[in-house]
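# Coordinates in review
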Amino acid sequence: MATDSSTLIGKSVRELRALLTSGSVSAREILQDHIQHIERFDPELGAFNCLTTHLAYEQAEKIDALVKKREPLPALAGVPVAIKDNICVPGYPATCSSKILQNFVPPYSATVIERLGASGAIIIGKTNMDEFAMGSSTENSAFAPTHNPWNVKKVPGGSSGGSTVAVAAGFSTLSLGSDTGGSIRQPASFCGVVGMKPTYGVVSRFGLIAFASSLDQIGPLGREVEDVATCLQVISGHDKRDSTSLPFCLPTQSETLASGVKSMRIGIISELSGQGIDDDVRCSLKQAGETLQSLGAVVDEVSLPNSKHALSVYYLIATAEASANLSRYDGVKFGLRNQEADDILSMYFSSRSDGFGAEVKRRIMLGTYALSSGYYDAYYKKAQQVRRLIKQDFDRAFSQFDLLICPTSPTVAFELGAKTADPLQMYLSDIATIPANLAGIPGISIPCGFSQQRLPIGLQLLGPALADSKLLAAAYAFEKATQFHTVTAPVLTASAKH
Ligand code: GLN
């Protein structure tokens, strides 16, 4: 255990690195403190599906051996990272929080996991999520919901709720989530942390269990922009095992992060900043615009007229792709199989009926319908055409502005159970995040305020494709100019109190 009373919980990548290099703590001690913190507080929050303790100690040992030999430490040496349960870590279940994959143990590693390993990160556990990443509250997990560390009666957002709570509660320094329509950014805003969806193709999807392949992207979550930037640097880059992986590298973040927002032109998206947005959220957005202006940016309004179609387009494209991707779960090759069925057809039917939850079934049915013969042109093809219009709106906006801003979510975290009976209300939670997935552009959510009930509010910044570094630089400048990220969920400091 760490010898001082402050514990090692809540430290940044930079701080952990300094402690390791000076020899004042070992990677093993960092890990032990985090595991103890998880054991104490996760029963109430439910961030983890399982811990990867054996792997974590193996990785920590390697780092301590490097320190002992005084060898240079890689970028994430000794840093605990939590992994969403739809990303394959060999030897541990990858359940997607679904009964159908409850016993699936992948024999191979996702590219991001290999890259984290090579950078010295400590994989600490697999995190809870909405089943197959379909949802906005982590209540669609087949196992149990995850709770918001700011107020356990509230949802943490989703679908990467477990990964988000892991960083917000101090269970890990960083985590990975996946974002198909907002699943990294929306929970980041609900839990007061930083979450980024990179440009589509910047991070390899190899080893990410597919939901909607043309939208899915893995991305980092952390408590500080610098940590998120370091993690993105580590996990990004071309991968020949993902055919949609882009053949470039991002510029080195440490060189670009401090470049600021001076003379940047920043557009506030009018359609996503007015009607339907909570007063508290609107007020924080206004202040955020003023802060960016005071830092030297030129802030003005911009219109994305087709963004009003984004939700409808998303629920056709995402469900269509999901229905195809999820057809592989038939009880034969993966996961759950009904043993009692008399013949193969009834085995398929009953395995899928028992294995999938209600929301996943709803999506499969919607998607299968949209793709069925006679309807394809009217739904899937039409949706792809409108998707193009949405992308063109962004192209037009980025010819006048460097970056765009809007709230990450129209509301702060809502009560558990508040939206489970009404899927449409749940879907509306992603109204501001979905357009970026449809256009393939990068987006980041950073803390920008608190509601009257003391719940975090997130600011979303969007940039043109491949402007990931510029986005991080603007987020970093905003973070340095404000104090919101320094106010943390009470559990983060709870281990330090005794
Ligand atoms: N909440 C959205 C959905 O339910 C987005 C999910 C995601 O990004 N994985 O589809």
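All values derive from a computational prediction rather than experimental measurement.

Now for the nonpolar core. Nonpolar side chains tend to gather and get buried jointly when the protein is soluble and globular. Counting 98 residues, the largest nonpolar core has Leu116 and Leu461 as its most contacted members. If near-sequence neighbours (up to four positions away) are discounted, leucine 461 is found in contact with Leu403, Leu404, Ile405, Pro442, Gly443, Ile444, Ile446, Leu471, Ala474 and Ala475. Core analysis: the second largest hydrophobic core is formed by 50 residues, Cys96, Phe211, Ile364 and Ile441 among them.

Each packed pair of helices is defined by two parameters, the angle between the axes and the distance between the axes. One way to put it is that helix α10 (residues 310–325) packs onto helix α13 (residues 377–400) with a least axis distance of 9 Å and a crossing angle of 130°. Relative to α13, the element α10 lies oblique. When the axes of α10 and α13 are compared, the crossing they make is left-handed. Contact residues: Ala310, Val313, Leu316, Ile317, Ala320 and Glu321 in α10; Tyr379, Tyr380, Ala383, Gln384, Val386, Arg387 and Ile390 in α13. In the contact of α10 with α13, the residues fall into ten nonpolar, one polar and two charged.

Moving on: the side chain of serine 141. Examined against the element boundaries, serine 141 turns out to sit in the loop between β3 (122–127) and α5 (161–168). There is a polar contact of 3.3 Å between the side chain of serine 141 and the backbone oxygen of alanine 144. If near-sequence neighbours (up to four positions away) are discounted, serine 141 is found in contact with Ser97, Asn128, Met129, Asp130 and Glu131.

For the rest of this paragraph, the subject is the pairing of strand β7 (residues 265–269). The element β7 is largely enclosed, with a buried count of four among its five residues. Summarising the sheet, β7 and strand β8 (residues 298–302) pair through five bridges and their orientation is parallel. Bridged to isoleucine 266 within β8 is valine 299. Handedness of the crossover joining β7 and β8 through helix α9 (residues 279–294): right-handed. Examined bridge by bridge, β7 and strand β9 (residues 403–407) share three bridges and lie parallel to one another. Note that in β9 the partner of isoleucine 268 across the bridge is isoleucine 405.

For the rest of this paragraph, the subject is the site of the ligand. Taken together, 15 residues form the shell around the ligand, and within it Gly181, Ser183, Tyr314, Arg363 and Asp430 come nearest. In the environment of the ligand, an oxygen atom lies 2.9 Å from a nitrogen or oxygen atom belonging to the backbone of glycine 135. Contact distances for the ligand include 2.6 Å between an oxygen atom and a side-chain N or O atom of tyrosine 314. Here the ligand loses 100% of its free accessible area of 290 Å² to cover by the protein chains. Because more than half of its atoms lie within 2 Å of the grid, the ligand is assigned to the largest cavity.

At their nearest, the axes of helix α4 (residues 111–118) and helix α7 (residues 225–235) sit 8 Å apart, and the two run at 115° to each other. It follows from the interaxial angle that α4 and α7 lie roughly perpendicular. As for the relative orientation of α4 and α7, their crossing is right-handed in sense. The residues of α7 that touch α4, namely those facing Val112, Arg115 and Leu116, are Cys231, Val234 and Ile235.

Look at α9: 23 Å from first C-alpha to last across 16 residues, which is about the 22 Å you get at 1.5 Å a residue. Taken residue by residue, α9 has Val281, Ser284, Leu285, Ala288, Gly289, Thr291 and Leu292 as its buried positions. Within α9, the buried residues cover an arc of 160° as seen down the axis, which keeps them to one side. Those residues of α9 that are exposed and angled more than 90 degrees off the buried face are Asp279, Lys286 and Ser294.

Taken as a whole, this structure holds 17 salt bridges when the rule is applied. Ionic pairing is found between lysine 69 and glutamate 71, a salt bridge with its closest N-O pair at 3.9 Å. The exposure class assigned to lysine 69 is exposed, which follows from its relative accessible area of 56%. Judged by its relative accessible area of 36%, glutamate 71 is partly exposed. The shortest N-O distance in the salt bridge between arginine 396 and aspartate 393 comes to 3.3 Å. Linking arginine 396 with aspartate 393, this pair stays in helix α13, spanning three residues, or about one helical turn. Overall, the relative accessible area of 2% leaves aspartate 393 in the buried class.

Calculation notes
- Residues numbered from 1 in each chain as written.
- Predicted model: local features only at pLDDT ≥ 70, side-chain atom pairs only at ≥ 80, totals over all residues.
- Heavy atoms only, no water.
- Core = buried A, V, L, I, M, F, W, Y, C linked by side-chain atoms within 4.5 Å.
- Buried < 20%, exposed > 50% of the residue type's maximum accessible area, 1.4 Å probe, protein only.
- Contact = heavy atoms within 4.5 Å.
- Axes fitted to C-alpha atoms, helices over the stretch in contact; angles between N-to-C directions.
- Helix = DSSP H or I, 4+ residues; strand = E, 2+ residues; numbered from the N terminus.
- Parallel < 35°, antiparallel > 145°, perpendicular 65-115°, else oblique.
- Left-handed = near helix turned anticlockwise from the far one by under 90°.
- Nonpolar A, V, L, I, M, F, W, Y, C, P; charged D, E, K, R; others polar.
- Polar contact = N/O pair within 3.5 Å; in protein donor to acceptor, adjacent residues only side chain to side chain.
- Pairing = 2+ DSSP bridges.
- Right-handed = clockwise from strand over helix to strand, strands pointing away.
- Near = heavy atom within 4 Å.
- Areas by Shrake-Rupley, 256 points an atom, 1.4 Å probe, with all protein chains shown as cover.
- 1 Å grid on protein atoms, 1.4 Å probe; cavity = no way out; pocket = protein on both sides within 12 Å on 5 of 7 lines; lining within 4 Å.
- Sits in = over half its atoms within 2 Å of the grid points.
- Expected span 1.5 Å × (residues − 1).
- Arc of directions from axis to C-beta.
- Salt bridge = Lys/Arg side-chain N within 4 Å of Asp/Glu carboxyl O.

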